[in-house]
Amino acid sequence: MNSQVISMSYRPSIAQLQVASKNEKDGLYEFTMKLVDGTQCRVFYSKAPEWKMTAISRLQKTPCPVCRKDFICKCMDQWSGDLHQQMIEDEWMQKALAE
């Protein structure tokens, strides 16, 4: 029950986004994302024709802010919609691709 309380109050916010790899021909992109709380994620997108998040995973540099595990978990999946909305509204992809 404690993890549910934490997960309800947790709101990830993007602080930085960098291009890790891209295949413009196929419209596939991989980004590394740093959140305000220091959590780092790997995010996969396809652009055909709209930006669509295909996968997100937390990089094991710090424990998960939700479940506190320091190994693979799927906690970031529940915020993929929120993070995608931030990516679109704040034009994170365009900024990262322009660098």
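Located above this text is the structure these notes cover.
As the structure is a computational prediction, the values presented were derived from the model and not from experiment.

Caption draft 1: Layout of the pattern of salt bridges. Per the stated rule, a full pass over the model turns up three salt bridges. Close ionic contact of Lys25 with Asp26 constitutes a salt bridge, the shortest N to O distance being 3.8 Å. Asp26 gets classed as partly exposed once you look at its relative accessible area, which sits at 43%. The closest approach of N and O atoms between Glu30 and Arg42, which form a salt bridge, is 2.6 Å. Of this pair, Glu30 sits in strand 2 (residues 28–35) while Arg42 sits in strand 3 (residues 40–47); the two residues are twelve residues apart in sequence, bridging distant segments of the chain. For Arg42, a relative accessible area of 25% gives the class partly exposed.

Caption draft 2: Helix 2 (residues 80–89), seen in detail. Of all the residues in helix 2, the buried ones are Leu83, Gln86 and Met87. With its buried residues spanning 100° around the axis, helix 2 presents them on a single face. As for helix 2, its buried residues are in contact with strand 1 (14–23), strand 2, strand 3, strand 4 (51–58) and helix 3 (92–98). After helix 2 finishes, the residue Glu91 shows a positive phi value of roughly 55°.

Caption draft 3: Quick peek at the environment of Cys67. Within the element layout of this structure, Cys67 appears in the loop between strand 4 and helix 2. Non-local contacts of Cys67, meaning those with residues more than four positions away in its chain, are made with Cys73 and Cys75.

Caption draft 4: Focus on the side chain of Arg58. Note on placement: Arg58 falls in strand 4. Buried and unpaired, Arg58 has Asp70 as its nearest opposite-charge partner, separated by 7.1 Å. From its side chain, Arg58 meets the backbone oxygen of Phe71 in a polar contact 2.7 Å long. Look past the residues within four positions of Arg58 in its chain and what remains in contact with it is Thr39, Gln40, Cys41, Pro63, Cys64, Pro65, Lys69, Phe71, Cys73 and Met76.

Caption draft 5: Representation of the side chain of Glu30. Classification of Glu30 by relative accessible area gives buried; the value is 16%. Side-chain polar atoms of Glu30 contact the side chain of Ser21, separated by 2.8 Å. The residues touching Glu30, leaving out its near neighbours within four places in the chain, are Gln18, Val19, Ala20, Ser21, Arg42, Val43 and Phe44.

Rules and cut-offs
- Along each chain, the written sequence defines residue order, and numbers are assigned to residues from 1.
- Given that this is a predicted model, residues contribute local features only at a pLDDT of at least 70 and side-chain atom pairs are listed and counted only at 80 or more, while totals for whole chains, interfaces and linings are drawn from all residues.
- Excluding hydrogens and water, the side-chain figures rest on all heavy atoms present in the structure.
- Counted as salt bridges are all cases of a side-chain nitrogen of Lys or Arg within 4 Å of a carboxyl oxygen of Asp or Glu.
- Exposed residues in this analysis have more than 50% of their type's maximum accessible area, buried residues have under 20%, and partly exposed residues fall in between, with area computed by a 1.4 Å probe over protein chains only.
- The numbering of helices and of strands both runs from the N terminus, where a helix is a DSSP run of H or I of at least 4 residues and a strand a run of E of at least 2.
- Taken from the helix axis, the directions to the C-beta atoms give the arc we talk about.
- When checking whether two residues touch, look at their non-hydrogen atoms; a contact exists if any pair is within 4.5 Å.
- Neither His nor the chain ends contribute to the count of charged residues, in which Lys and Arg are positive and Asp and Glu negative.
- Pairs of N or O atoms are called polar contacts if they sit within 3.5 Å, as long as, within protein, a hydrogen donor faces a hydrogen acceptor (for residues adjacent in sequence, only side-chain-to-side-chain pairs).

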